[in-house]
Amino acid sequence: MKTYKLTDPALALLGAIVRAADSRPANPHPAGEGLRWIASGFGALGFSDHEILEREFVVYDALYAECKRRVSRG
């Protein structure tokens, strides 16, 4: 986000969740564990990489929409 000077708070929240799912930081966002489970589940379905990405885009779109909703609520 720093490289591209992105300041969207919802995108920052989404980034924290993805980081928690991917890298297990010291203080992970709790939603990261669920995202990790979802990603593992997609892998277990036997889809090709292309099919997995196609389906995961919907998940990430929904997660971003929820991040926007939560950020706007304060």
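Relevant structure appears above.
Novice: Looking at this structure, I do not really get helix H3 (residues 49-73). What am I missing?
Specialist: Three- or four-residue spacings in an α-helix give side chains the same orientation, since the helix completes a turn every 3.6 residues. Here H3 spans 36 Å end to end across 25 residues, near enough to the 36 Å set by a 1.5 Å rise per residue. When we look at burial in H3, the residues that qualify are Ile52, Glu56, Leu63 and Cys67. Considering only its buried residues, H3 is in contact with helix H1 (9-23) and helix H2 (31-44). One or two positions beyond H3, positive phi appears at Gly74, with a value near 90°.

Novice: How do you make sense of the pattern of salt bridges when you look at a structure like this?
Specialist: Opposite charge on two side chains permits pairing when their charged atoms draw close. Applying the stated criterion across every chain yields a total of three salt bridges. Residue Arg36 is joined to Glu33 by a salt bridge in which the shortest nitrogen-to-oxygen separation is 2.1 Å. Here the residue Arg36 and the residue Glu33 both occupy positions in helix H2, the gap between them amounting to three residues, near one helical turn. Judged by relative accessible area, which is 15%, Arg36 ranks as buried. Of the charged contacts in the structure, one is a salt bridge between Arg70 and Glu66, with a shortest N-O distance of 2.6 Å. Taken together, the positions of Arg70 and Glu66, both in helix H3 and four residues apart, correspond to about one turn of that helix. Among the ionic contacts, a cluster of salt bridges with common partners joins Glu66, Arg69 and Arg70.

Rules of the game
- Residues numbered from 1 in each chain as written.
- Predicted model: local features only at pLDDT ≥ 70, side-chain atom pairs only at ≥ 80, totals over all residues.
- Heavy atoms only, no water.
- Helix = DSSP H or I, 4+ residues; strand = E, 2+ residues; numbered from the N terminus.
- Expected span 1.5 Å × (residues − 1).
- Buried < 20%, exposed > 50% of the residue type's maximum accessible area, 1.4 Å probe, protein only.
- Contact = heavy atoms within 4.5 Å.
- Salt bridge = Lys/Arg side-chain N within 4 Å of Asp/Glu carboxyl O.

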